[in-house]
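# Structure at a glance
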Amino acid sequence: MADKQAIEEFYIENRTFPPLSDFTQTALASDSSLYEEAELDFEAFWARQARELLTWEKDFTSILEWELPYAKWFSDGELNISYNCLDRHVQNGKGDKVAFHWEGEPGDTQTITYNELLIEVSKFANVLKDFGLQRGDTVAIYMPMILELPIAMLACARIGVAHSVIFGGFSPDAIIDRCEDAGAKLIVTADAGYRRGEPSLLKINVDAALDSGASSVKHVVVVNRCNIPVEMKDERYHWWHDLMLSASPNCPAEPMPAEQLLYLLYTSGTTAKPKGIMHTSGGYLTQVAFTHKYVFDLQPETDIYWCAADIGWVTGHSYIVYGPLTNCCTSVMYEGTPDTPRTELRNGQDRLQWSKDRLWDIIERYKVTQLYTAPTAIRTFMKWGSEELKDHDLSSLRVLGTVGEPINPEAWMWYHEHIGSASTPIVDTWWQTETGGHMITPLPGVTITKPGSACSAIPGVFAEVVDDAGNKVEQGGGYLTITKPWPSMLRGIWGDPERYLKTYWSTYEGKYFAGDGVKIDNDGYLWLLGRVDDVMNISGHRISTAEVESALVDHPSVAEAAVVGATDSTTGQAIIGYVILRGSCDPSNELRDEIRNHVAQKLGPIARPKAVFLVPDLPKTRSGKIMRRLLRDVAEGRDLGDTTTLADANVVSAIQDGAQKSTED
Ligand code: WTA
């Protein structure tokens, strides 16, 4: 019965895409054997992966120790992460293989081989040692997307120092909070990094942070990326290039226990203090290497893989740095944004032109085989229109991935048709900072995909949909839980064991609660519905924002949509939609009504938005997640709450103006 469901389901998507035989012929996995093996004995399955994918200094005898909520994987084993990412490949004769084709936003490029990366990492590890850093210490990293960032991370891992990467878009306050919480002793930064044609300043934010807090930080290492004049304020400050000049390139990789802390990564809840998510070594590396290999069907000899995320997020940690390097893969790493200014000669004069085809240009030039990006980027490309693609050859692409938000079926179809030439498999990967690696995703040579569905849990991971009371839901909407521990799971929240237990392990007994709504269809496919905090209650019906957004994006004029439930005196909450039109569409009242009716047709009258606002942009975090809380504030005419994590502060006032101009029914 629909109205008994925890979250109701309205959106029905019937299209299916089986793997093509061209792909399955060479795919690493093309049948269900990995699933069957893991189903039989998931611990043995992960142990096999750990031994096959990684090199252990000391083999483990214990696979899993599980005392809810704490898991230890491979606990008596020893390994070094940086050895697994670098030394062993060099020893295997792969030293000249390219690790990263790096491209700066202004167009400067750098190619670094495994050999060269090992030398740089060893040198910086020696720099850290010279500052007295040792196993158990923490280093903060606040950098643009330049090669020194993975070098610094791997140097930490080499000597057992945990890193805490702070996203380069964050403010001095965020630096203070994170450094103080982790007791970071050193921070690595840069003068600035290029973003949309301008140097985006970083070091001054570190200065501001150190002026008013973060007293644990005793040393600051500064990379010169943009030649911005910076003041080395006191003896704590050092140039990266000076330190590296005299550093020795020999630094043995020290074997570490499997449960050695590898990193902290802070996730900002919308209101509360950020949580320092803890990830350790052996289990984490096993799952990221396994998923990077099988989910992207990695053919390491020939593939050029590109994850277009920022290393400041977990996606970059797991799928730019640790997974790809463990698998000895060649990656592309790009500093800037998809829309970048380019200088063009016109009528004898240099003119700055904004180009929106940078991604396609990079894919064509490097012959990228896997592209991993976010639904928000895909919807932006839809808005820009397919003309941006017309002069680019994207035929090298073999696998397309998405992460970060539910992907609406129409955005999936656009990705499939325009980027994947209607033949490249798409892997919609659901996971979280907390899960460390992919959890729910198709395998491209195995799974029959459905547009908008993340399909099913990977081999060795066990997902279950439950209702409000925690009972298993076989078909319909509910909450996503994970029923068994997995190797790359978070090991806790730094300094706050109670919050760890309460946030993730107390809602449903014995199960990890992810905080996401999900529905399961007749075939057992999982459809992610967004955060449960965003679920709307319309006249007693629990409707997910994701489904209404998908129905909005299904309208041919709509490129992107965000939906919120605003307080309403008759229905409890009313659905308010904010819509960005595709490039060529003209806004009008008729179009707004047509879009509202389209939703009613697709999902039923209960889901017809009370109002639809046509807006130029949506408020998003820099990782691309829509900030629905701000849209609720606008819809309910409230003053805006905290806007510091907003990628572009002007967006909200543009939406407020738009909302005022639109006439509500
Ligand atoms: C959302 C990013 C639907 C989800 C790796 C999750 C997704 C949160 C997907 C974690 C997906 C991520 N489909 N929703 N494929 N991937 N999410 O910690 O709500 O930045 O809980 O990790 O993003 O975001 P985080």
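In what follows, the structure referred to is the one given above.
Residues numbered from 1 in each chain as written. Predicted model: local features only at pLDDT ≥ 70, side-chain atom pairs only at ≥ 80, totals over all residues. Heavy atoms only, no water.

## Concerning the pairing of strand S20 (residues 370-373)
Test applied: Only protein chains enter the calculation, and the probe is 1.4 Å; a residue is then buried if its accessible area is under 20% of its type maximum, exposed if over 50%, and partly exposed in between. A run of H or I in DSSP counts as a helix once it spans at least four residues, and a run of E counts as a strand once it spans at least two, with each numbered from the N terminus. Strands pair, by our definition, only if DSSP identifies at least two bridges between them. By the criterion used throughout, a crossover qualifies as right-handed when its path from the first strand across the helix to the second strand runs clockwise, the strands pointing away from the viewer.
The alternating pattern of S20 places Gln370 and Tyr372 on one face and Leu371 and Thr373 on the opposite face, and all of these are buried. As judged from the three bridges shared by strand S16 (residues 304-307) and S20, these two strands associate in the parallel manner. Counted as the bridge partner of Trp306 is Leu371 from S20. Of the strand pairs in this sheet, S20 and strand S21 (residues 399-403) are connected by four bridges, and their pairing is parallel. In the sheet register, Thr373 faces S21, and the bridge partner there is Thr402. A crossover connection joins S20 to the parallel S21 through helix H13 (residues 375-384); in handedness this β-α-β unit is right-handed.

## A few points about helix H18 (residues 628-635)
Three- or four-residue spacings in an α-helix give side chains the same orientation, since the helix completes a turn every 3.6 residues. Within H18, six of the eight residues are buried, which leaves it mostly tucked inside the rest of the structure. Looking only at H18, the buried set comprises Arg628, Arg629, Leu630, Leu631, Asp633 and Val634. Following H18 by one or two positions, Gly637 has its phi on the positive side, about 65°.

## Notes on the nonpolar core
For soluble globular proteins, nonpolar side chains are generally found buried alongside one another. Put simply, the rule reads: By convention a nonpolar core is built from buried Ala, Val, Leu, Ile, Met, Phe, Trp, Tyr and Cys residues, the set being connected through side-chain atoms within 4.5 Å. Contacts between residues were defined by any pair of non-hydrogen atoms, one from each residue, lying within 4.5 Å.
With 141 residues, the main nonpolar core has Leu117, Phe124, Val188 and Tyr322 as its most contacted residues. In this structure Leu117 touches Leu86, Ala99, Phe100, Ile112, Ile151, Leu154 and Leu325, once residues within four positions along its chain are discounted. Judged by nonpolar contacts, the second largest core, of 50 residues, contains Trp360, Trp412, Ala561 and Ile575.

## Concerning the packing of aromatic side chains
Using the following cut-off: Each pair of aromatic rings taken from Phe, Tyr and Trp, with Trp reduced to its six-membered ring, is defined by centres within 6.5 Å and is described as stacked if the planes are under 30 degrees apart, edge-to-face if over 60, and tilted in the remaining cases.
Applying the stated criterion to the full structure yields 37 aromatic pairs. Look at Tyr319 and Trp431: their rings are 5.1 Å apart centre to centre, the planes differ by 85°, and that puts the pair in the edge-to-face class. Of the two residues, Tyr319 sits in helix H11 (residues 314-326) while Trp431 sits in the loop between strand S22 (426-429) and strand S23 (463-466), which places them 112 residues apart along the sequence. Of the residues examined, Tyr319 reaches a relative accessible area of 0% and is grouped as buried. Ring centres of Tyr578 and Phe613 lie 5.4 Å apart, and the angle between their planes is 50°; on these two criteria the pair is classed as tilted.

## Thoughts on the site of the ligand
Using the following cut-off: The nearness test applies per residue and asks whether one of its heavy atoms lies within 4 Å of the molecule or strand. In protein, a polar contact requires one atom able to donate a hydrogen and another able to accept it; more generally it is a pair of N or O atoms within 3.5 Å, and residues adjacent in sequence count only if both atoms are side-chain atoms. In this classification, the charged set is Asp, Glu, Lys and Arg, the nonpolar set is Ala, Val, Leu, Ile, Met, Phe, Trp, Tyr, Cys and Pro, and all remaining amino acids, among them Gly, are polar.
Around the ligand, a shell composed of 16 residues is seen, among which Asp428, Thr429, Thr433, Asp516 and Arg531 lie nearest. Separating an oxygen atom of the ligand from a side-chain N or O atom of Gln432 is a distance of 2.9 Å. With respect to the ligand, the side chain of Thr433 contributes an N or O atom lying 2.6 Å from an oxygen atom. Those elements giving two or more residues to the shell around the ligand turn out to be H11, S22 and strand S26 (526-531). Residue classes in the shell around the ligand are distributed as six nonpolar, five polar and five charged.

## With respect to the sheet that holds S20
This is how the line gets drawn: To get an axis, a line is fitted to the C-alpha atoms, and for a helix only the part in contact is used. The angle between two axes follows their N-to-C directions and goes from 0 to 180 degrees.
Within the open sheet, the seven strands sit side by side as S5-S4-S17-S16-S20-S21-S22. Their pairing is mixed. Of all the strands in the sheet, the pair left with one neighbour each is strand S5 (109-113) and S22. Neighbour-to-neighbour, the strand axes of the sheet open up by a mean angle of 20°, direction not taken into account. Contacts from H11 reach strand S4 (98-103), S16, strand S17 (330-334), S20 and S21 within the one sheet, and its direction differs from that of S16 by about 160°. Each of S4, S5, S16, S17 and S20 is contacted by helix H12 (residues 358-366), which is oriented at about 145° to S4, the strand it contacts most.

## As for the pairing of strand S18 (residues 340-346)
Sheet topology places S18 next to strand S19 (residues 349-355); seven bridges connect them, and they run antiparallel. In the strand pairing of S19, Thr340 is matched with Ser355. Once S18 ends, the chain turns through two residues before running back antiparallel as S19, passing Asn347 with a positive phi of about 50°.

## Regarding the sheet that holds strand S11 (residues 219-223)
Taking strand neighbours across the sheet as the criterion, the seven strands line up as S12-S11-S8-S6-S7-S14-S15 in an open arrangement whose pairing is mixed. In this open sheet, the two strands that pair with only one neighbour each are strand S12 (237-239) and strand S15 (275-280). This sheet shows a mean twist of 25° between the axes of neighbouring strands, independent of strand direction. Looking at chain direction, strand S14 (residues 261-267) and S15 are connected through six bridges and run antiparallel. Residue pairing for S15: Leu261 is matched across the bridge by Thr280. In the packing of H11 onto the sheet, the strands contacted are strand S7 (162-165) and S14, and the crossing angle to S14 comes to about 145°.

## Thoughts on the environment of Ile458
Along the chain, Ile458 turns up in the loop between S22 and S23. Expressed as a C-alpha distance, the spacing of Ile458 and Leu552, which sit 94 residues apart in the sequence, is 30 Å. The residues contacting Ile458, other than those within four sequence positions of it, are Tyr35, Trp46, Gln287, Phe290, Thr291, His438, Met439 and Thr441.

## Side note on the side chain of Glu405
Assignment of secondary structure puts Glu405 in the loop between S21 and helix H14 (409-419). Of the residues examined, Glu405 reaches a relative accessible area of 13% and is grouped as buried. There is a polar contact of 3.0 Å between the side chain of Glu405 and the side chain of Arg379. Discounting residues that sit within four places of it in the chain, Glu405 has contacts with Pro375, Arg379, Gly624, Lys625, Ile626 and Arg628.

## A closer look at the packing of helix H4 (residues 81-94) against helix H6 (residues 148-158)
Going by this rule: Put simply, a crossing is left-handed when the front helix is turned counterclockwise from the back one by less than a right angle, and right-handed when it is turned clockwise.
Where H4 meets H6, the closest approach of the two axes is 7 Å, and the angle between their N-to-C directions is 115°. Remark: the crossing between H4 and H6 carries left-handed chirality. Along its contact with H4, which presents Ile81, Ser82, Tyr83, Cys85, Leu86 and Asp87, the element H6 presents Leu154, Ala157 and Arg158.

## Section: empty space enclosed by the protein
Note the threshold: Note on definitions: the grid is 1 Å and covers protein atoms alone; a cavity is a set of points where a 1.4 Å probe fits but cannot get out; a pocket is an open set with protein on both sides within 12 Å along at least five of seven lines; lining residues have an atom within 4 Å of a point. Grid points are joined across faces, edges and corners, and a volume is the space filled by probe spheres set on the points.
Following the criterion strictly, the structure yields five cavities of 30 Å³ or more and no others. Lining the largest cavity are 13 residues, and of these Pro409, Gly452, Trp527, Leu528 and Ser550 lie nearest its centre. For the lining of the largest cavity, the secondary structure elements donating two or more residues are S26 and helix H16 (545-553). Taken together, the residues of the lining of the largest cavity break down into eight nonpolar, three polar and two charged. The calculated volume of the second largest cavity comes to roughly 70 Å³. Arg379, Glu405, Pro406, Asn408, Ala546, Glu549, Ala561, Ile626 and Arg628 are the residues that line the second largest cavity. Across the lining of the second largest cavity, the residue classes break down as four nonpolar, one polar and four charged.

Honestly, that's just the spatial picture; any functional story needs more than this.
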